[in-house]
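What follows is the residue order along each chain.
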Amino acid sequence: MSNPTHPSSTQPLVVAFDLGTTALKAVLFHGRTERHRLQFPYPLHAEQPGQATQRLPDLMQAFTLALSGMEEYLTRHDLTPQAAGFSNAMHTLTLIRSGGPSDVFTFADLRASTGGYPVTHLHAQTGVPWHPMTPAVKLAALHAAGQLTDVQRVSGVKEELLLRFFGVYWTDQSTASATGLLGRGGTYDPQALAQAGVTAAHLPTVHPIETPLPPLQPTYRTRYPRLAAAHWAIGASDGVTATEGLGITRPDQAALSVGTSSAVRTFTPCPAADPHAHLFSYRADHGGQERYLVGGPSNNAGIVLNWLRDNLSIPQDLDDLLHATTPGARGLLFLPALSGERAPLWDPHVSGSLLGLGLHHGPHDIARAGMEGVALHLAWLSDLLSSGTQPLREYRATGGLTRSRAWLRVLANALNAPVLVPDGADLFEGSAFGAALIAARSAGLDLPHALTFDTVEPDADAPLYATLGRKYRHAALALQTLTHDLRAL
């Protein structure tokens, strides 16, 4: 027995396509409920030190497969979505020449030189730290090497996808802002363009995140008639969609992502006061009102746990690992910059440190200190965010580390605040749901976004973590140059 086209007049059907760094996910939402999910991985190439690239045809093929798979499901169940939209990874860059596209540089490709400029360079104009993850820095390095002379378009993954499937060379405001080329006023910054060696004519036109897309190109309308009937919206970067997906609507709320890497983010009506460029401020207007996504990402979260499991004889379960020794790891402090660090140091060459090691310490202490370090770093970013905007009172967390109640307690103690975890937070497709919310809003639909939360409160160990946090920050700053020297040996 088939389902009706619209299962409930108050619960719209919305499809979200999440263009991630390693896979594309297509998710069909019936209201707040995830009804169907597809996933299509693609390779991330890292044959050279610092390399992290993709092949544009691989991503185009993944999107074609996602369209086909979702269309097949919709046809089989006699469903027609009312809206569809996009979430996409930030900082992707591909150069389009007459012979075809270059590889796609991802945020994790750190081979570009900053040219000796400090992290604060152009931050006042763009809100983006001067760091190799950003397209602006990559372009400046390529320009200095004379490698942009024959480029026709300076693009990204979603921009090329929109051109092929919808016939428009567009980008959304939040993705454009994250390139480091967009000025605070919402247009491309002349100084950033000059340093990157490109003009606005090379770049896609910038549109608000709720902008409707034109119809699918005729070939695809014929091939995917149910998807073609939907109202399509341009969507936003994954930082914006993940934050929207958690229902963050006030500047005193923050979204915490604790997966392989981590981040803390919030929305504010104006850029953060941040003369040291510790954080990013990406413009992402909402409903015609000026709005910014402000926050800081860290390279290190679940990747630290994986390293600990691979190299130490410790319990594989994170709860068991943390319970194997005492809070504070018996006086150990672990700075977990195992893969360089982004906010607030923005230093791809900094490395991790273990302080306070004695004969009485064992693998369990080291492992606990490592996971405490992840929480202490997030608390540092949170304090910087609070000082640049307004005090944060509520944290909502998603990602794989939320499976561990013991680690969430560590995090709540480090933040000295409750951490709210939505049901199924380790599997919740926050970016996809945020894209669905934006698409529904663009179509004039009401997509319910009420979430139910489990709350993890700080306990009597919070003062200990306040002390550890102060020592962590002091050590991270004091040892930064030393770790550079050690890496050079």
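Residues numbered from 1 in each chain as written. Predicted model: local features only at pLDDT ≥ 70, side-chain atom pairs only at ≥ 80, totals over all residues. Heavy atoms only, no water.

As annotated in an unreviewed UniProt entry, the protein chain is FGGY-family carbohydrate kinase from Deinococcus aquaticus. Of the protein chain, the UniProt comment under Sequence similarities (unreviewed entry) reads exactly: "Belongs to the FGGY kinase family." (UniProt positions renumbered as here; feature names shortened; annotations may be inferred.)

K.L.:
Let's hear about the packing of helix H9 (residues 238-245) against helix H14 (residues 430-442): which residues, and what values?
P.N.:
Where H9 contacts H14, the two axes come as close as 7 Å, and the packing angle between them is 85°. Overall, the two elements H9 and H14 adopt an arrangement that is roughly perpendicular. Residue-level contacts link Asp238, Val240, Thr241, Ala242, Glu244 and Gly245 of H9 to Gly430, Ser431, Phe433, Gly434, Ala435, Leu437, Ile438 and Arg441 of H14. Class assignment of the residues belonging to the contact of H9 with H14 gives a composition of six nonpolar, five polar and three charged. (Axes fitted to C-alpha atoms, helices over the stretch in contact; angles between N-to-C directions. Helix = DSSP H or I, 4+ residues; strand = E, 2+ residues; numbered from the N terminus. Parallel < 35°, antiparallel > 145°, perpendicular 65-115°, else oblique. Contact = heavy atoms within 4.5 Å. Nonpolar A, V, L, I, M, F, W, Y, C, P; charged D, E, K, R; others polar.)

K.L.:
Residue-level account of unusual backbone geometry, with values.
P.N.:
Between Ala343 and Pro344 the backbone carries a cis peptide bond, its omega angle lying at -5°. Counting through the fold element by element, Pro344 comes out in the loop between strand E18 (333-335) and strand E19 (353-355). Unusually for a residue other than glycine, Asp78 sits at a positive phi of about 55°. Tracing the backbone shows Asp78 in the loop between helix H1 (56-76) and strand E5 (83-88). We classify Asp78 as partly exposed; its relative accessible area is 29%. Residues other than glycine seldom take positive phi values, yet Ala277 does so here, at roughly 60°. Tracing the backbone shows Ala277 in the loop between strand E15 (262-268) and strand E16 (280-283). Its relative accessible area of 0% is what places Ala277 among the buried residues. (Buried < 20%, exposed > 50% of the residue type's maximum accessible area, 1.4 Å probe, protein only.)

K.L.:
How would you explain the sheet that holds E15 if you had to name every residue and give the values?
P.N.:
The pairing of strands in a sheet comes from backbone hydrogen bonds and takes either a parallel or an antiparallel form. One open sheet accounts for seven strands, arranged E16-E17-E15-E14-E20-E21-E22; its pairing is mixed. Looking at strand neighbours, the two that pair on one side only are E16 and strand E22 (453-456), the edges of this open sheet. Each neighbouring strand pair of the sheet contributes to a mean axis angle of 30°, computed without reference to strand direction. Of the strand pairs in this sheet, strand E14 (residues 253-258) and E15 are connected by four bridges, and their pairing is antiparallel. In the sheet register, Ala255 faces E15, and the bridge partner there is Arg265. Lying on the sheet, H9 is in contact with E14, E15 and strand E17 (292-298); it crosses E15 at an angle near 75°. Taken strand by strand, helix H13 (residues 405-415) contacts E14, strand E20 (394-398), strand E21 (419-422) and E22, and its axis lies near 65° from that of E22. (Pairing = 2+ DSSP bridges.)

K.L.:
Residues and numbers for the UniProt feature "domain: Carbohydrate kinase FGGY N-terminal" (unreviewed entry) in the protein chain, please.
P.N.:
According to UniProt, the feature "domain: Carbohydrate kinase FGGY N-terminal" (unreviewed entry) maps to residues 14-208 in the numbering used here. Across residues 14-208, helical content stands at 30% and strand content at 25%; the span's end C-alpha atoms are separated by 19 Å.

K.L.:
Tell me about a nonpolar patch on the surface, and please be specific about residues and values.
P.N.:
Together, Leu482, Leu486 and Leu489 make up an exposed nonpolar region whose accessible area comes to about 360 Å². Its place among the elements puts Leu486 in helix H15 (residues 462-487). (Patch = residues over 30% accessible without salt bridge, like charges linked within 9 Å, V, L, I, M, F, W, Y side chains within 5 Å. Areas by Shrake-Rupley, 256 points an atom, 1.4 Å probe, with all protein chains shown as cover. Salt bridge = Lys/Arg side-chain N within 4 Å of Asp/Glu carboxyl O.)

K.L.:
Go over the sheet that holds strand E7 (residues 100-101) with me, naming the residues and quoting the values.
P.N.:
Strand order in this open sheet of three strands is E7-E6-E9, and the pairing throughout is antiparallel. Strands with a single pairing partner mark the edges of an open sheet, and in this sheet they are E7 and strand E9 (153-155). Strand direction decides the pairing type here: strand E6 (residues 94-97) and E9, joined by three bridges, are antiparallel. Paired with Leu95 across the strands is Val154, a residue of E9. Contacts between helix H4 (residues 157-166) and the sheet are confined to E6 and E9, with E9 contributing the most and set at about 115° to the helix.

K.L.:
Give me the lowdown on the pairing of E6, citing residues and values where you can.
P.N.:
Bridge count for E6 against E7 is two bridges, and the pairing is antiparallel. Residue pairing for E7: Arg97 is matched across the bridge by Gly100. Hairpin connection, E6 to E7: the antiparallel pair is bridged by two residues.

K.L.:
Can you break down the environment of Val168 residue by residue, with the values?
P.N.:
Of note, Val168 is situated in the loop between H4 and strand E10 (170-172). Measuring from C-alpha to C-alpha, the distance between Val168 and Leu213 comes to 8.4 Å, with 45 residues separating the pair along the chain. Among residues more than four places away in sequence, those in contact with Val168 are Glu159, Leu162, Leu163, Leu213 and Pro214.

K.L.:
Tell me about the pattern of salt bridges, and name the residues and values.
P.N.:
The tally for this structure, following the rule as stated, stands at 21 salt bridges. Between Lys158 and Asp172 there is a salt bridge, and its shortest N-O distance comes to 2.7 Å. Remark: Asp172 occurs in strand E10 and Lys158 occurs in helix H4; sequence separation between them is 14 residues. Counted as one network, the salt bridges with shared partners bring together Lys25, Glu34, Arg37 and Glu429.

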